[in-house]
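Each chain is listed here by its residues.
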Amino acid sequence: MAAEGSSIDALGQFELVPVFGRIGASVGFTQSSAHMLLVVGLITLLLMAGIGARAVIPGRLQALTESLYEFIQDMVVSQVGEEGKRYFPFVFTLFMFILFGNLIGLFPFAFTFTSHIAVTFALAAIVFVLITVVALRLHGLKFFGYFFPEGAPLWLAPIIIPVEIVSYLSRPVSLSIRLFANMVAGHVMLQVFASFIVMLGGLGLIGKIVAVGPLALNVVLIGFEILVGFLQAYVFAILTSIYLHDAVHLH
Amino acid sequence: MNEQNGFEERLREARGRHGLDRAAQEQGSGASGLPGGSMGLGLRAGIEVVSALIAGVALGWVLDRWLGTFPWLLLLGFVLGAAAGILNVYRLFAPRRGIH
C-alpha cells in the first residue's frame, strides 16, 4: 500500500472505503463514519468509567477524566465568563471528539477522520451556526451592529460592513482549514518517510543501514503528531470559546 | 470541608515550591490565551488570510450565480476577502477588545 514500485502514494491513506460489506456500501457507511462511532464509544466509556468510582481521592482514570473536564471548564469560564458555563457541554464535546479523532488516527490501520475537510468544516459550521444563533437570541437586532464598530465615520460604512461580514464568514473557514491542514500535513509526512524506509530497505545492506534515518525521524514525528493532535483540539476549543465570548458580549 | 481546604492549601504550596504554577502562567502566552511561538503565529496569520480570501471569493461567486453578473461580484469578493484577511491578521496581533 505504501510504496508500490518506486512511487510514493502519500494521499491514498485518505481514501474513503465503505465498510460492513453490502449494507455499509448501500448507505455510504465508510471507515470514517466507523471511526467516529468508535471515538464516541471510547469517550463514553472513558467518562463513564472515570466518574464511576466517585472517590474523594481519585484513581488514575478518575484523575484523567477530572483533569480533562476541569481543563475545558477553566478555559470556557476564563474566556467567556461565568455565563459561559451554559456552553461548556458543547465545547467539551467538541474538544473530546476532535482530540480522540486526532489521536486514534495515529494507531496503525486506523483512519483520521479529522483529516477530511468535510468533517472539520461540518464541525466548524455547527460552531458558526451556534454563535450566530446565540448572538441573535441574546441581542436581537443589535447583533447586526457588530458589523459596524461604534465611532467609525458613517461614510465608511459601505466599505467597513462588507469587509466585516466577509471577516465574520471567514471564521468557520479558518477554523476548519487549520485542523484539516495540520492533520493532513502530519499524516502525509509520516507516510512519505515510511515509504522511504520500505524503498531503502529494498536496496541491500547499505540501504537497510541508511533506512534507520527515516525510521528514527518517524519515531520523532509520531511524538510530534501527538502534540499536534492535542494542540489542534485545544485551538479548536479555545477559538470556539473566543467566538462564544464575542457572541455573548458583542463588545 | 475543612480537610479539603487544607489539602488545596498544601497543594498550592507544593506547586509553588516546584515552580509549576509559574510555568503554567508563562505557557499561556499571547493576548488571547492561544499558544504562542513565531512559527505557529505565522501559520495562523497565513490561514487567516487564505480563509478570508476563500470566504470572500465564495460569497462573490454565489452572488454572481444568483444575479447572473458573472465576473464582477467575484472580483469584488476577492478584494473584500483580501481586506478582511488583513483585518483578521490585524486582530490577531492587536490586543483583544475586552469586556466593556
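Residues numbered from 1 in each chain as written. Chains lettered and ligands numbered in written order. Predicted model: local features only at pLDDT ≥ 70, side-chain atom pairs only at ≥ 80, totals over all residues. Heavy atoms only, no water.

- Looking at an unreviewed UniProt entry, one finds chain B named AtpZ/AtpI family protein, with Roseomonas acroporae as its source organism.

- The name an unreviewed UniProt entry gives chain A is ATP synthase subunit a, with Roseomonas acroporae as the organism.
- The heading Function (unreviewed entry) in the UniProt record of chain A holds the text "Key component of the proton channel; it plays a direct role in the translocation of protons across the membrane."
- The Sequence similarities (unreviewed entry) field of the UniProt record for chain A holds the comment "Belongs to the ATPase A chain family." (UniProt positions renumbered as here; feature names shortened; annotations may be inferred.)

### Focus: the environment of Thr65 of chain A
Residue and element names in this part refer to chain A.
No. 1: Mapped onto the elements, Thr65 comes out in helix 3 (residues 60-80).
No. 2: On the accessibility criterion, Thr65 (5% relative accessible area) is buried.
No. 3: A C-alpha to C-alpha distance of 7.3 Å links Thr65 and Ile51, two positions 14 residues apart in sequence.
No. 4: Ignoring sequence-local partners within four residues, the contact set of Thr65 consists of Leu46, Leu47, Gly50 and Ile51.
No. 5: At 2.7 Å, the side chain of Thr65 forms a polar contact with the backbone oxygen of Leu61. (Helix = DSSP H or I, 4+ residues; strand = E, 2+ residues; numbered from the N terminus. Buried < 20%, exposed > 50% of the residue type's maximum accessible area, 1.4 Å probe, protein only. Contact = heavy atoms within 4.5 Å. Polar contact = N/O pair within 3.5 Å; in protein donor to acceptor, adjacent residues only side chain to side chain.)

### What to know about helix 3 (residues 38-67) of chain B
No. 1: With 30 residues, helix 3 of chain B should reach 44 Å at 1.5 Å per residue; the first-to-last C-alpha distance of 43 Å fits that figure.
No. 2: Within helix 3 of chain B, the full set of buried residues consists of Arg44, Ala45, Ile47, Glu48, Ser51, Ala52, Ala55, Gly56, Gly60 and Asp64 of chain B.
No. 3: If you follow the buried residues of helix 3 of chain B, they end up packed against helix 6 (157-201) and helix 8 (212-249) of chain A together with helix 4 (70-93) of chain B.
No. 4: Count one or two residues on from helix 3 of chain B and you reach Gly68 of chain B, which has phi positive near 70°. (Expected span 1.5 Å × (residues − 1).)

### With respect to the nonpolar core
No. 1: Ile72, Phe95, Met96 and Phe236 of chain A are the most contacted members of the largest nonpolar core, which has 50 residues in total.
No. 2: At the level of elements, helix 2 (31-52), helix 3, helix 4 (88-104), helix 5 (117-139), helix 6 and helix 8 of chain A are the ones that each hand at least two residues to this core.
No. 3: Considering every element that reaches this core, the biggest residue donor is helix 8 of chain A, with twelve residues.
No. 4: Excluding anything up to four places from it in sequence, Phe236 of chain A contacts Leu94, Ile98, Leu123, Ala124, Val127, Leu175 and Leu179 of chain A.
No. 5: Counting nine residues, the second-largest nonpolar core is a separate cluster that includes Val173 and Ile177 of chain A together with Leu80 and Ala84 of chain B. (Core = buried A, V, L, I, M, F, W, Y, C linked by side-chain atoms within 4.5 Å.)

### Description of the UniProt feature "transmembrane region" (unreviewed entry) in chain A
Residue and element names in this part refer to chain A.
No. 1: UniProt tags residues 36-57, 87-111, 117-136, 143-168, 188-207 and 219-244 as "transmembrane region" (unreviewed entry).
No. 2: For residues 87-111, helix accounts for 68% and strand for 0%, while the C-alpha atoms at its two ends are 29 Å apart.
No. 3: Helix makes up 100% of residues 117-136 and strand 0%, whereas the separation of the span's terminal C-alpha atoms amounts to 28 Å.

### Overview of the pattern of salt bridges
No. 1: Counted according to the given criterion, the structure contains five salt bridges over all chains.
No. 2: One salt bridge in this structure joins Asp246 of chain A and Arg171 of chain A, with 2.9 Å as the shortest N-O distance. Here the residue Asp246 of chain A occupies a position in helix 8, and Arg171 of chain A occupies one in helix 6, the gap between them amounting to 75 residues. Each of the two residues, Asp246 of chain A as well as Arg171 of chain A, counts as buried.
No. 3: Of the charged contacts, one joins Glu48 of chain B and Arg178 of chain A as a salt bridge, the two residues approaching to 3.3 Å between their closest N and O atoms. Here Glu48 of chain B, found in helix 3, pairs with Arg178 of chain A, found in helix 6, and the two come from separate chains.
No. 4: Judged by its relative accessible area of 5%, Arg178 of chain A falls in the buried class.
No. 5: Through salt bridges that share partners, Arg178 of chain A together with Arg44 and Glu48 of chain B make up one connected network. (Salt bridge = Lys/Arg side-chain N within 4 Å of Asp/Glu carboxyl O.)

### Some remarks on the environment of Asp9 of chain A
No. 1: Following the sequence through the fold, Asp9 of chain A ends up in the segment before helix 1 (21-27).
No. 2: For the pair Asp9 of chain A and Val192 of chain A, spaced 183 residues apart in the sequence, the C-alpha separation amounts to 8.0 Å.

### Digging into a nonpolar patch on the surface
No. 1: There is a patch of nonpolar side chains on the surface, built from Ile161 and Ile165 of chain A together with Leu59, Leu63, Trp66 and Leu67 of chain B and spanning about 540 Å² of accessible area.
No. 2: It is helix 3 of chain B that provides the largest number of residues to the nonpolar patch, a total of four residues.
No. 3: Structurally, Leu67 of chain B can be placed in helix 3. (Patch = residues over 30% accessible without salt bridge, like charges linked within 9 Å, V, L, I, M, F, W, Y side chains within 5 Å. Areas by Shrake-Rupley, 256 points an atom, 1.4 Å probe, with all protein chains shown as cover.)

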